[in-house]
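# A closer look at the structure
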Amino acid sequence: MTPESAPTVQQLLAFYLESGVDCALTDEPVNRLSDPEIMPAAREPAQVQPVRTIPATPAAIPAARAEAAAPEAAIQSAREAARIAPSLEALRALLETFDGCALKSTATRLVFADGNPQARIMFVGEAPGREEDIEGLPFVGRSGKLLDRMIAAIGLDRSSAYIANVIPWRPPGNRTPTPQETQICLPFIQRQIELVNPDVLVTLGNPSTQTLLSTREGIMKTRGRWFDYDTGTRKIRALATFHPAYLLRSPSYKKMAWLDLRSIAKALEQTKTPSS
């Protein structure tokens, strides 16, 4: 690499930020390869012992099965906890104390929801990002500002909409949540939708669309299509559209998103009650 082609400090910092390296462990850099304190102490030569083969016992098998069943136990625990939540406040309190998802230990805080719990429309994304993790609110970064403009285009704002994510904790480095993490968090967002009980549900992006609308098709095929989201007591009209973050990367698709927004506005008008 020539000096002319070497990256600048600003370029390196931007690269680290995009890679998810957004915080420092210490104030000063540490060369851990040269730190004598981490070098292993010299040990006395160990006396060689004859190797014994220990046959597997029935008692050892249940322990392995219990470890493998841990994700299923967490999912079941989430289902039971979400089912008994009588209100959004109670559901949030349950999530604050729920320890079945490892993402909670790496996130700064719970990102539950924003907006009006009595809103007729609910938007659901995938997971919080860095800004959301800091502020504790969904969609407050660049994609959040674009979402605000999108809903403003149909005469709404955060006081007349409800916004949440399938995953309420930021994955480290903004990585994609694992299927296990998604399934553990799924009962909570399902209960959240049931408690808000909107007239229209909008899934933002491919992950939330596939998770909530039970489809394996990509967002290009599902966007603009209406689905029935069944809460068990009611069917809610649901529409998939692009995630604002995707539109920031691919602005040419904003025209399609605008068509989706017009369809959403029409549906809200059709479902409007005389007292609304």
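Note: the structure precedes this text.
Quick caveat: nothing in here was measured; it's all calculated off a predicted structure.

Rules of the game
- Residues numbered from 1 in each chain as written.
- Predicted model: local features only at pLDDT ≥ 70, side-chain atom pairs only at ≥ 80, totals over all residues.
- Heavy atoms only, no water.
- Helix = DSSP H or I, 4+ residues; strand = E, 2+ residues; numbered from the N terminus.
- Buried < 20%, exposed > 50% of the residue type's maximum accessible area, 1.4 Å probe, protein only.
- Areas by Shrake-Rupley, 256 points an atom, 1.4 Å probe, with all protein chains shown as cover.
- Salt bridge = Lys/Arg side-chain N within 4 Å of Asp/Glu carboxyl O.
- Expected span 1.5 Å × (residues − 1).
- Bend = angle between axes of the 7 residues up to and from the residue.
- Pairing = 2+ DSSP bridges.
- Axes fitted to C-alpha atoms, helices over the stretch in contact; angles between N-to-C directions.
- Contact = heavy atoms within 4.5 Å.
- Parallel < 35°, antiparallel > 145°, perpendicular 65-115°, else oblique.
- Nonpolar A, V, L, I, M, F, W, Y, C, P; charged D, E, K, R; others polar.
- Phe/Tyr/Trp six-rings, centres within 6.5 Å; stacked < 30°, edge-to-face > 60°.
- Lys NZ or Arg CZ within 6 Å of the ring centre and 35° of its normal.

## A closer look at the overall build of the protein chain
- Across its full length, the protein chain carries 12 helices and 6 strands.
- Counting over 276 residues, the protein chain shows a buried share of 37%.
- As displayed, the protein chain offers around 17,000 Å² of accessible surface, 55% of which is attributable to carbon and sulfur atoms.

## What about the pattern of salt bridges?
- As enumerated under the stated definition, the model contains 9 salt bridges in all.
- Residue D114 is joined to R158 by a salt bridge in which the shortest nitrogen-to-oxygen separation is 2.8 Å. A residue pair is termed long-range when its members are at least 10 positions apart, and D114 in strand β1 (residues 113–115) and R158 in the loop between α7 (142–152) and β3 (162–165) qualify at 44 residues.
- The shortest N-O distance in the salt bridge between E194 and R191 comes to 3.2 Å. Of this pair, E194 and R191 both sit in helix α8 (residues 179–196), 3 residues apart, which is roughly one turn of that helix.

## A short note on α8
- Over its 18 residues, α8 runs 25 Å from end to end, which matches the ideal 26 Å to within 8%, given 1.5 Å per residue.
- Largest kink in α8: about 40°, centred on C185, with the proline P187 one to four residues after it.
- By the burial criterion, the buried members of α8 are E181, T182, I184, C185, L186, P187, F188, I189, R191, Q192, I193 and V196.
- Looking one or two residues past α8, N197 carries a phi angle of roughly 55°, positive in sign.

## Here we look at the sheet that holds strand β5 (residues 226–230)
- Spatial strand order, β1-β3-β2-β4-β6-β5: 6 strands in an open sheet with mixed pairing. Pairing within the sheet leaves two strands with one partner each, and these edge strands are β1 and β5. Across this sheet, the average inter-strand angle for adjacent strands is 25°, counted without regard to direction.
- Both strand β2 (residues 121–125) and strand β4 (residues 200–204) contribute to a ladder of 4 bridges, which runs parallel. For F123, the partnering residue across the bridge sits in β4 and is V202.
- Of the strands in this sheet, β2, β4, β5 and β6 (235–241) are in contact with helix α9 (residues 206–213), which crosses β4 at around 130°.

## Some points on the packing of helix α3 (residues 70–83) against α8
- As a packed pair, α3 and α8 sit with axes 8 Å apart at the nearest point and diverge in direction by 5°. Overall, the two elements α3 and α8 adopt an arrangement that is roughly parallel. Between α3 and α8, the residues in contact are P71, A74, I75, A78, R79, A81, A82 and R83 and Q180, Q183, I184, P187, F188 and R191, respectively.
- Classifying every residue of the contact of α3 with α8 by side-chain character gives 9 nonpolar, 2 polar and 3 charged.

## Remarks on the pairing of β2
- Counted residue by residue, β2 has 5 buried out of 5 residues, so it is predominantly covered.
- The alternating pattern of β2 places I121, F123 and G125 on one face and M122 and V124 on the opposite face, and all of these are buried.
- Pairing geometry for β2 and β3, over 4 bridges, is parallel. Bridge assignment links V124 to a residue of β3, and that residue is A164.

## Observations regarding the packing of aromatic side chains
- According to the stated counting rule, one finds 4 aromatic pairs in the structure shown.
- Plain terms: the ring middles of F242 and Y253 are 5.4 Å apart, the flat faces sit at 45° to each other, and that makes the pair tilted. Of the two residues, F242 is situated in the loop between β6 and α11 (244–249) and Y253 in the loop between α11 and α12 (254–270); the sequence distance between them amounts to 11 residues.
- F242 gets classed as buried once you look at its relative accessible area, which sits at 1%.
- With relative accessibility at 25%, the residue Y253 sits in the partly exposed group.
- Sitting over the face of the ring of W226, R237 holds its NZ or CZ atom 4.3 Å from the ring centroid.

Keep in mind these values describe shape, not function.
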